[in-house]
Amino acid sequence: MSRTQVAIIGAGPSGLLLSQLLDSQGIDNIVLERQSREHVIGRIRAGVLEQGTVDLLLEAGVGGRMQHEGLIHDGFSIGFEDRAFRIDLRALTGKAVTVYGQTEITKDLIDARAAAGNPPAFEVGDISLHDFELDRPIVRYFHGGRSHEIACDFIAGCDGYHGISRKSVPSAALRTFERTYPFGWLGILADVPPASHELVYSNHARGFALCSMRSPRRSRYYVQCASDEKLEAWPDERFWDELVSRLPADIARTVVAGPSIEKSIAPLRSFVVEPMQFGKLFLVGDAAHIVPPTGAKGLNLAVSDVRALYRALSAHYRTGRSEGLHRYSEQCLRRVWKAVRFSWWFTSVMHKFSDEPIAHRLQLAELDYLAGSHAALASLAENYVGLPEPRLCPTLMAADHHPALTRRAAKLTPTRRVRRPDRNADRLSHPPIRWETG
Ligand code: RFL
Ligand code: PHB
């Protein structure tokens, strides 16, 4: 039996980034991945990074290429009824987002892990987790033609929604919350210039569409499709025709069609498990929560979990203090639920749910209100760029949920800990609403 401090299950962005950060603190770890390296770096997923995600990638020493190739976006547009309005993220929040593909982040992390002499073990079979409710967890698996056993201090379950980590916890110990949406996203990647220099989210009577990108020469587009849709039913021509039909005319005219280099369908769901910790097993990223991609939150939430676990483990090994580990689930879930709410709301406003005419009219009214209300735009923008990290003061955390405690907290909490207004608040000025078309 071999030994490590932290056994990490899954080499997606969560597992790889956690491994990289722990290594930087001299914390021994091993990453076990079910799929091959080629499969992992071939998956096309997220594209929009919050500043907090960018900062943690830089802290981990894997941000060089992202800084060079990532595109800073100060805003995005929402189309409806053949017109579009811009959400000026910079003016509304003082912040921007970075467009840089998850595929590239994964490549950068795998290269960094290899350069550090601790690459993930790919194509690992039959992983099973044992004794994690006790002091000495054990991970068993099959790799390189033989079985292995590792004793560790902690297990990080970074193995996504379909992984084994969450399923290893007795079901009575967990509570799950789930909503599946009656549609999916059909996405294509193509080496053609993007239709617009910023992202465009479009509400249309035929269904949702999104114009995104990976670089000035590579576009990523999505259209809402039925959840049981078959890829074979979507030759490239049909995709481009459908996309163009769902965009405001001025944007549709700028779409450059070309052969797809990837095409896939993703189901949409909201899912949360509580708590995110069971004994020495910590659930991280998609293993603990899934959001529909509309709000571009999934990867960013995963990185927030990694940040919290990395800091808690570092403190544990450095000082022997474990408060951060005990608070991990509570701290992460506060952020998770806000992102679940935002992603659900944005999904609800932008997608076609039924043929009921009133449903579409209500969406149009909401979008018209959004376009004309500074308060509503500011709320959308602050959620999109990423909410600040939840505060760590336990008294205030409880008080936030229980008004009765707020009064007590006000008495007990030193004034310097009391919530201060956001330092960007004075930068909020009503931006001009720019109608790009119509
Ligand atoms: P992942 O990426 O699913 O990685 C989990 C890894 O675990 C492996 N695994 C196992 N390994 C060992 N043993 C087992 N039994 C295992 N079972 C599974 C898997 O092979 C895999 O390598 O989870 P992670 O690391 O938590 O990362 C989460 C993100 O991938 C995900 O949240 C985002 O991609 C979501 N997402 C977006 N997030 C954003 O922040 N911004 C976006 O713009 C954005 N766009 C998207 C998205 C997700 C999409 N899809 C595919 C639903 C766009 C789309 C279309
Ligand atoms: C993407 O580029 O893949 C992307 C962008 C924004 C989203 C979801 C996906 O909300």
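To be clear, the structure that these remarks concern was listed above.
Residues numbered from 1 in each chain as written. Chains lettered and ligands numbered in written order. Predicted model: local features only at pLDDT ≥ 70, side-chain atom pairs only at ≥ 80, totals over all residues. Heavy atoms only, no water.

A separate point is the packing of aromatic side chains. Across all of its chains, the model carries 22 aromatic pairs by this definition. Judged by centre distance (5.2 Å) and plane angle (25 degrees), the ring pair of W185 and F208 falls under stacked. On the criterion of sequence distance, the pair formed by W185 in strand β13 (residues 175-190) and F208 in the loop between β14 (200-202) and β15 (209-215) is long-range, its members being 23 residues apart. We classify F208 as buried; its relative accessible area is 0%. What links up through ring pairs into an aromatic cluster is the set F76, W185, Y201, F208, Y222, F342, W345, F346 and Y384. Looking at R238, its charged tip hangs above the ring of W234, at a distance of 3.7 Å from the centre. Positioned above the aromatic ring of Y384, the side-chain terminus of K297 is 5.7 Å from the ring centre. (Phe/Tyr/Trp six-rings, centres within 6.5 Å; stacked < 30°, edge-to-face > 60°. Helix = DSSP H or I, 4+ residues; strand = E, 2+ residues; numbered from the N terminus. Buried < 20%, exposed > 50% of the residue type's maximum accessible area, 1.4 Å probe, protein only. Lys NZ or Arg CZ within 6 Å of the ring centre and 35° of its normal.)

Further remarks concern the site of ligand 2. Close to ligand 2 lie 14 residues, the nearest being Y201, S212, R214, Y222 and P293. One of the side-chain N or O atoms of Y201 is found 2.8 Å from an oxygen atom in ligand 2. Between an oxygen atom of ligand 2 and a main-chain N or O atom of P293, the distance comes to 2.8 Å. It is β15 that contributes the most residues to the shell around ligand 2, three residues altogether. For the shell around ligand 2, the residue count by class is eight nonpolar, three polar and three charged. (Near = heavy atom within 4 Å. Polar contact = N/O pair within 3.5 Å; in protein donor to acceptor, adjacent residues only side chain to side chain. Nonpolar A, V, L, I, M, F, W, Y, C, P; charged D, E, K, R; others polar.)

In this section: the site of ligand 1. Not every one of the 32 residues close to ligand 1 is listed here, only the nearest: E33, R43, Q102, D286 and L299. One nitrogen or oxygen atom from the main chain of G47 is found 3.1 Å from an oxygen atom belonging to ligand 1. Burial of ligand 1 by the protein chains amounts to 90% of its free accessible area of 1100 Å². Of all the elements in the fold, those that place two or more residues in the shell around ligand 1 are α1 (13-24) and α10 (298-319). Of all the elements, α10 adds the most residues to the shell around ligand 1, at three residues. Within the shell around ligand 1, the residues separate by chemical class into 14 nonpolar, eleven polar and seven charged. (Areas by Shrake-Rupley, 256 points an atom, 1.4 Å probe, with all protein chains shown as cover.)

With that out of the way, let us pick up empty space enclosed by the protein. Counted by the stated rule, this structure contains three cavities of 30 Å³ or more. Of the voids in this model, the second largest cavity is the one considered here, and its volume is about 80 Å³. Residue lining of the second largest cavity: E50, K297, N300, L301, S304, R335, K338, A339, N383, G386 and L387, and that is the complete set. Listing elements by their share of the lining of the second largest cavity, those giving two or more residues are α10 and α11 (323-350). Its residues assigned to classes, the lining of the second largest cavity comprises three nonpolar, four polar and four charged. (1 Å grid on protein atoms, 1.4 Å probe; cavity = no way out; pocket = protein on both sides within 12 Å on 5 of 7 lines; lining within 4 Å. Points joined across faces, edges and corners; volume = space filled by probe spheres on them.)

Further remarks concern the packing of α11 against helix α13 (residues 374-385). Closest axis-to-axis distance for the α11/α13 pair is 11 Å, and the angle between their directions is 125 degrees. In terms of orientation, α11 and α13 fall into the oblique class. Viewed along their axes, α11 and α13 form a crossing whose handedness is left-handed. The residues of α13 that touch α11, namely those facing R341, F342 and W345, are L380, N383 and Y384. Looking at the contact of α11 with α13 residue by residue, the class counts come to four nonpolar, one polar and one charged. (Axes fitted to C-alpha atoms, helices over the stretch in contact; angles between N-to-C directions. Parallel < 35°, antiparallel > 145°, perpendicular 65-115°, else oblique. Left-handed = near helix turned anticlockwise from the far one by under 90°. Contact = heavy atoms within 4.5 Å.)

The analysis is restricted to geometry; functional conclusions fall outside its scope.
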